[in-house]
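Residues per chain are reported as follows:
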Amino acid sequence: MAVSIKSAREIELMRDAGKMLAEVHAKLGEALAPGMSTLDIDTLGEKLIRDMGCTPNFLHYNGYPASICVSVNEEVVHGIPRKDRILQEGDIVSLDAGLIYKGYHSDAARTHGIGKISQEAQELIDRTKQSFFEGISMARQGNHLFDISAAIDRYISQFGYGIVRDLVGHGIGTKLHEDPQIPNFAQRRRGLKLRAGMTLAIEPMINLGRPDVIWLDDNWTVVSDDGLISAHYENTILITEGEPEILTLL
Ligand code: MF3
Ligand code: CO
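The written sequence of each chain sets the order in which its residues are numbered from 1. A letter from A marks each chain and a number from 1 marks each ligand, given out in the order of writing. The predicted nature of this model means local features are confined to residues of pLDDT at least 70 and side-chain atom pairs, given and counted, to a pLDDT of 80 or more, with totals for whole chains, interfaces and linings taken over all residues. Side-chain numbers here rest on the full set of heavy atoms in the structure, without hydrogens or water.

J.: For the coordination of the cobalt ion (ligand 2), give the residues involved together with the corresponding values.
T.: Water is not part of the atom set, so a site may look incomplete; the donors themselves are N, O and S atoms within 2.8 Å of the metal, or 3.2 Å for Na, K and Ca. Every protein donor of the cobalt ion (ligand 2) is listed here as D107 (OD), H170 (NE2), E203 (OE) and E234 (OE), and their distances to the metal cover 2.0 to 2.2 Å. One chain supplies every donor for the cobalt ion (ligand 2), spaced along it as D-x62-H-x32-E-x30-E. In this pair, H170 sits in strand 7 (residues 169–171) while E234 sits in the loop between strand 13 (230–232) and strand 14 (235–238), placing the two residues 64 residues apart along the sequence. The burial state of H170 is the same as that of E234; both residues are buried. Helical segments are the DSSP runs of H or I of at least four residues, strand segments are the runs of E of at least two, and each set is numbered from the N terminus. Burial here depends on accessible area, computed with a 1.4 Å probe over protein chains only, as a share of the maximum for the residue type. Under 20% is buried, over 50% is exposed, and the range in between is partly exposed.

J.: How would you explain the site of ligand 1 if you had to name every residue and give the values?
T.: All residues in the neighbourhood of ligand 1 are listed as F58, Y61, Y64, C69, H78, D96, D107, H170, H177, E203, W220 and E234. N or O atoms within 3.5 Å of each other form a polar contact, as long as, within protein, one can give a hydrogen and the other can take it, and as long as residues adjacent in sequence are counted only when both atoms are side-chain atoms. A distance of 3.5 Å is found between a nitrogen atom of ligand 1 and a side-chain nitrogen or oxygen belonging to E234. For accessible areas, the Shrake-Rupley method is used with a probe of radius 1.4 Å. Any residue's cover is judged against the shown protein chains and nothing else. Within the complex, the protein chains bury 95% of what would otherwise be the 330 Å² of accessible surface of ligand 1. Polar here means any residue outside two lists: the nonpolar Ala, Val, Leu, Ile, Met, Phe, Trp, Tyr, Cys and Pro, and the charged Asp, Glu, Lys and Arg; Gly therefore counts as polar. Across the shell around ligand 1, the residue classes break down as five nonpolar, three polar and four charged. It suffices for a single heavy atom of a residue to lie within 4 Å of a molecule or strand for the residue to be listed as near it.

J.: Could you give me a rundown of helix 2 (residues 38–51), with the residues and numbers involved?
T.: Helix span, expected: 1.5 Å multiplied by one less than the number of residues in the helix. The terminal C-alpha atoms of helix 2 lie 20 Å apart, and with 14 residues this matches the ideal 20 Å at 1.5 Å per residue to within 8%. Every residue pair with non-hydrogen atoms within 4.5 Å of one another is taken to be in contact. Elements in contact with the buried residues of helix 2: helix 1 (8–31), strand 1 (55–56), strand 2 (68–72) and strand 4 (92–101).

J.: Please give an account of the state of the cysteines that cites residues and values.
T.: The definition used for a disulfide is geometric: two cysteine sulfur atoms within 2.5 Å. Within the structure shown, the criterion is met by zero disulfides. Looking at the unpaired C54, the closest cysteine sulfur is the one in C69, lying at 17 Å. Classification of C54 as buried rests on a relative accessible area of 4%. Residue C69 is classed as buried on the basis of its relative accessible area, which comes to 5%.

J.: Please set out the environment of V72 residue by residue, giving values where relevant.
T.: Tracing the chain through its elements places V72 in strand 2. Looking at V72, the relative accessible area reads 0%, which means it is buried. Every residue in contact with V72, bar those within four places of it in the chain, is listed here: T38, R85, L87, D91, I92 and V93.

J.: Summarise the nonpolar core; cite the residues concerned and give the values.
T.: Counting 36 residues, the largest nonpolar core has I41, L87, V93, L95 and L99 as the members making the most contacts within it. Ranked by residue count, the leading element in this core is helix 1, at eight residues. Ranked by size, the runner-up nonpolar core spans 29 residues in total, among them I156, I182, I206 and A231. We call a set of buried Ala, Val, Leu, Ile, Met, Phe, Trp, Tyr and Cys residues a nonpolar core when their side-chain atoms join them within 4.5 Å.

Have a look at this one:
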């Protein structure tokens, strides 16, 4: 497994790509409202990305037909935007977006509530986000990759949620998916040693119920097997000699 170490120049470009994606997410979050279709979100997201002079990296990736993955309620990830899928008060919606700037990729996901949502749903969203921060607290030069996985697992386990095991985080750079894979649950080994200059997408996907997921017949949409809601939170980060840097936050 070859994990690339980015040069100072590459890191600058990834910072730019990350900042722009953070802005896309901020604008999408503001636009969300009951009555919008999931296709409306994709249309807006693609326009925001292109208006910044960037390219949506999900569009046509392995045949994926849209720029933004929009996953509602029991949909875990990779929901395909549709004109007839209308957001309603009480839904939770995960937006996963990415872009390419001067050859460098960024990737990030947020889960939002539509209008008033249940306390149970809000807690799932908040704890999924917090699990990312638990993970990144271990993302330091000298620590090992699966220290991140273990920290996410340790934090989430106390709530009895299901950590999705069939999908993982990943390295990122000149490609959307680079080595290494980053599971969100504890591993038997500590994994490779983290080094300054590695850029990683850490992305816990957490189910309210059981961890099992299935793929719908569209071959993309991943849903919880028990039909309960799921949340997703992701940032592209940089390992440094000190504190890790989150590239996809404003
Ligand atoms: N953020 C997703 C990931 O990390 C990318 C979506 S896959 C795509 O794997 F095909 F929809 F692009
Ligand atoms: Co990702």
